Amino acid sequence: MDEDDIRPSDGSLRWRALIPNREGKTSVFRISGLSEQQVWSIAEEKVIPIRNKRLVGRADLLAAVVYNRNLNFSPDVDAASRHADIIEWPDEKEKRRLIAMDLASEAKVIRR
Amino acid sequence: MSTVAFTQHSSIGLFGHSGNSSMDEMRGIIDKESDRFALPVTFQKTKDSINSIIDVFRKRCEPNWDGYDAEPVSIEACKEAAKFLQKLPSTIPLPEIIAEPDGDIGLEWHVNNRNLFVIGFAGKEILSYSGLFGKGSKASGTEYFTDSIPHVIIENIRRVLAHH
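Now for a description of the structure that goes with this document.

About the thresholds
- Residues numbered from 1 in each chain as written.
- Chains lettered and ligands numbered in written order.
- Predicted model: local features only at pLDDT ≥ 70, side-chain atom pairs only at ≥ 80, totals over all residues.
- Heavy atoms only, no water.
- Pairing = 2+ DSSP bridges.
- Helix = DSSP H or I, 4+ residues; strand = E, 2+ residues; numbered from the N terminus.
- Axes fitted to C-alpha atoms, helices over the stretch in contact; angles between N-to-C directions.
- Contact = heavy atoms within 4.5 Å.
- Core = buried A, V, L, I, M, F, W, Y, C linked by side-chain atoms within 4.5 Å.
- Buried < 20%, exposed > 50% of the residue type's maximum accessible area, 1.4 Å probe, protein only.
- Polar contact = N/O pair within 3.5 Å; in protein donor to acceptor, adjacent residues only side chain to side chain.
- Phe/Tyr/Trp six-rings, centres within 6.5 Å; stacked < 30°, edge-to-face > 60°.

The next point concerns the sheet that holds strand β3 (residues 105–112) of chain B. Overall, antiparallel pairing links the five strands, which are arranged β2-β3-β4-β5-β6 (chain B) in an open sheet. Of all strands in the sheet, those with a lone pairing partner are β2 (96–99) and β6 (137–144) of chain B, marking the two edges. Recorded for the sheet is a direction-independent mean angle of 20° between the axes of neighbouring strands. Relative to β6(B), strand β5 (residues 126–133) of chain B runs antiparallel, the two sharing eight bridges. If you follow B:Ser130 over to β6(B), its bridge partner there is B:Ser140. Where helix α3 (residues 93–106) of chain A meets the sheet, its contacts fall on β4 (115–121), β5 and β6 of chain B, and the angle it forms with β5(B) comes to roughly 25°.

This part takes up the nonpolar core. If you look at the biggest cluster of nonpolar residues, it comprises 37 residues, and the most contacted ones within it are B:Phe84, B:Ile105, B:Trp109, B:Phe117, B:Ile119, B:Ile153 and B:Ile157. Secondary-structure elements contributing two or more residues to this core are α2 (40–59), α3 (75–87), β2, β3, β4, β5 and α4 (151–161) of chain B. If you tally residues by element for this core, the top one is α3(B), at seven residues. Residues contacting B:Ile157, with those up to four places away along its chain left out, are B:Phe84, B:Leu88, B:Ile92, B:Trp109, B:Phe117 and B:Ile119. Residues A:Val28, A:Leu98, A:Ala104 and B:Ile98 belong to the second largest nonpolar core, which totals 27 residues.

Bringing the side chain of A:Thr26 into the picture now. Residues and elements named next belong to chain A. Relative to the assigned elements, Thr26 resides in strand β1 (residues 26–30). For Thr26, a relative accessible area of 4% gives the class buried. Engagement of the side chain of Thr26 in a polar contact is seen with the backbone oxygen of Leu18, the distance being 2.9 Å. Those residues in contact with Thr26 that sit more than four places away from it in its chain are Leu18, Ile19, Pro20, Ala84, Asp85, Ile86 and Trp89.

Further remarks concern the packing of aromatic side chains. Residues and elements named next belong to chain B. Summed over the entire model, instances satisfying the criterion amount to six aromatic pairs over all chains. An angle of 65° between the planes, with centres 5.6 Å apart, marks the rings of Phe84 and Phe145 as edge-to-face. With a gap of 61 residues between them, Phe84 in helix α3 and Phe145 in the loop between β6 and α4 connect regions that are remote in the sequence. Side by side, Phe84 and Phe145 carry an identical accessibility label, which is buried. With 5.9 Å between their ring centres and 40° between their planes, Phe117 and Tyr129 make a pair best called tilted. With Phe117 in strand β4 and Tyr129 in strand β5, the pair connects residues that are 12 residues apart, well separated along the chain.

What follows is the structure in structure tokens.
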């Protein structure tokens, strides 16, 4: 991901950041009950080393918002990792994009 | 339960390599079309947009450009998006040019995060479109695109711009 994922005009999240990958998964982390410091630690330890990119922020979404779009979560076997994938996206590209647009409109962008 | 998706900023490899022949091909489209526009100002705006397509292609023509296994943007998608822009009525504002993770070129009209309309081009004569029009109204679908812009596409662009 790059700087384009946050819209410069209003600081909102671009829908592209939530589009599932080729395997139909959007990678997320559960942050319920974590302090801000712990949330950013997840990024430092589990996201940056893999992505090899500079972190500029995060986008928070309520799980209910995801469920309400008929999507689901697939948590990793290792629950301690707090990692999960958003799954069960529609097959049609235009519907996936529409849901991503809808989710992005509900996301709260938090810059680091 | 809350979820979080981390948004990152590319610090390396932002500008991928691009084939010179593809660049020449895109620039050729611009030069070729320049003679067809009666209004220089209108053409200049369209030309700027087509140049934006070239910029997006240059930056996104390598695999995994988003760090999430994205496909490279194809020259066919670029050419089709450029063709669409050339046919867009001059009364409609030009869109933002974006790359989609599946390698398509997207044209986006964004009023705010609840009012936006996106068309995706894969270079296969079929457009995919998605739009949010306020809190409860949505539209998505596909349309053939060969010689003229489908009426439903123009309607949806005007619909989202009405929220300005």
